[in-house]
Amino acid sequence: MALLHDCSSYDPEKNDYYTQKTMWEQIAPIVKRKFGENARVWEACMLNSKSKSPQYLTDLGFEVKAYTNLDCRRYGEEFKDNYDCIITNPPFKTDLKRSILRHFYQLDKPFVIVMNVMNVFSKYMRDIFGEDIKHLQVVYPQGKILFEEWDDKKKEMIKCKKAPSFYCGFVCYKMDIPPELMFISK
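Rules used throughout
Residues numbered from 1 in each chain as written. Predicted model: local features only at pLDDT ≥ 70, side-chain atom pairs only at ≥ 80, totals over all residues. Heavy atoms only, no water. Pairing = 2+ DSSP bridges. Helix = DSSP H or I, 4+ residues; strand = E, 2+ residues; numbered from the N terminus. Axes fitted to C-alpha atoms, helices over the stretch in contact; angles between N-to-C directions. Core = buried A, V, L, I, M, F, W, Y, C linked by side-chain atoms within 4.5 Å. Buried < 20%, exposed > 50% of the residue type's maximum accessible area, 1.4 Å probe, protein only. Contact = heavy atoms within 4.5 Å. Expected span 1.5 Å × (residues − 1). Arc of directions from axis to C-beta.

J.: Lay out the sheet that holds strand β2 (residues 40-42) in plain terms, naming residues and giving numbers.
T.: Sheet strands pair by backbone hydrogen bonding; their relative direction is either parallel or antiparallel. A sheet is described by the order of its strands in space; here six strands give the open sequence β3-β2-β4-β5-β9-β6, paired in mixed fashion. In this open sheet, the two edge strands, each paired with only one partner strand, are β3 (63-65) and β6 (136-139). The average undirected angle you get between the axes of adjacent strands in this sheet is 35°. Looking at chain direction, strand β5 (residues 111-116) and strand β9 (residues 168-173) are connected through six bridges and run antiparallel.

J.: So what about the sheet that holds strand β8 (residues 156-159)? Which residues, and what values?
T.: What the three strands build is an open sheet, ordered β1-β7-β8; its pairing is antiparallel. Strand pairing shows two members of the sheet lacking a second neighbour, β1 (17-19) and β8, which therefore form its edges. Within the sheet, the average angular offset between the axes of one strand and its neighbour, ignoring direction, is 45°.

J.: Which residues make up the nonpolar core, and what values do they have?
T.: Of all hydrophobic cores here, the largest spans 30 residues; its most connected members are Trp24, Val31, Val139 and Phe170. For this core, the secondary structure elements donating two or more residues are α1 (21-35), α2 (53-59), β4 (85-88), β5 and β9. At six residues, α1 tops the list of elements feeding residues into this core. Beyond its immediate sequence surroundings of up to four residues, Val139 is in contact with Ile27, Ile30, Gly169, Phe170, Cys172, Ile177, Leu181, Met182 and Ile184. Counting 25 residues, the second largest nonpolar core, distinct from the first, contains Tyr83, Leu107, Met125 and Tyr173.

J.: Could you give me a rundown of helix α3 (residues 94-107), with the residues and numbers involved?
T.: Three- or four-residue spacings in an α-helix give side chains the same orientation, since the helix completes a turn every 3.6 residues. The end-to-end C-alpha distance of α3, which contains 14 residues, comes to 20 Å, matching closely the 20 Å that a straight helix rising 1.5 Å per residue would cover. Taken together, the buried positions of α3 are Lys97, Ile100, Leu101, His103, Phe104 and Leu107. Buried positions in α3, seen along its axis, are confined to an arc of 165° and lie on one side of it. Its buried side turned inward, α3 meets β2, β4, β5 and α4 (123-129).

J.: For the pairing of β6, give the residues involved together with the corresponding values.
T.: Burial along β6 is two-sided: the face carrying Leu136 and Val138 and the face carrying Gln137 and Val139 are both buried. By the bridge criterion, four bridges tie β6 to β9 in an arrangement that is antiparallel. Bridging from a neighbouring strand, Gln137 pairs with Cys172 of β9.

The analysis is restricted to geometry; functional conclusions fall outside its scope.
What follows is the structure, given as structure tokens:
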């Protein structure tokens, strides 16, 4: 796993690197195209998180569900009629990411997640999605997806000084994105 340079010590065991608002702004038109201006989204990977994604997504006009006390691998079914799609940035750790993807697939709801695009080529993606892998699409942002982290001293989010050394994209399931929207140009 590549490192995020100039972010204090990168630890793939934690989900301490959060998506900046500018990246959610890039994907918002695609979500609104499918579900309307006031789409209802579940920001699912919020367990014990300091992420500002729920606020960023709300600022973009979405009705957001976000629960810092729920493990998204165990929930979602009981309130799946209350959201149109999942939008999230899951932990980088492979076994966590696999179990989250497996659960999202079982929920059978559309999703948009931030992932290292190389994960799409992994065996576990085919194992999880089987023949339904045809419903996966990757949307490539303009530039690298940028992250921010919580600064305990300042008690606020700060932007990482450099982009990560790997490329992330938006891995989408059942979003029916036309080819002309697969590469974001803003």
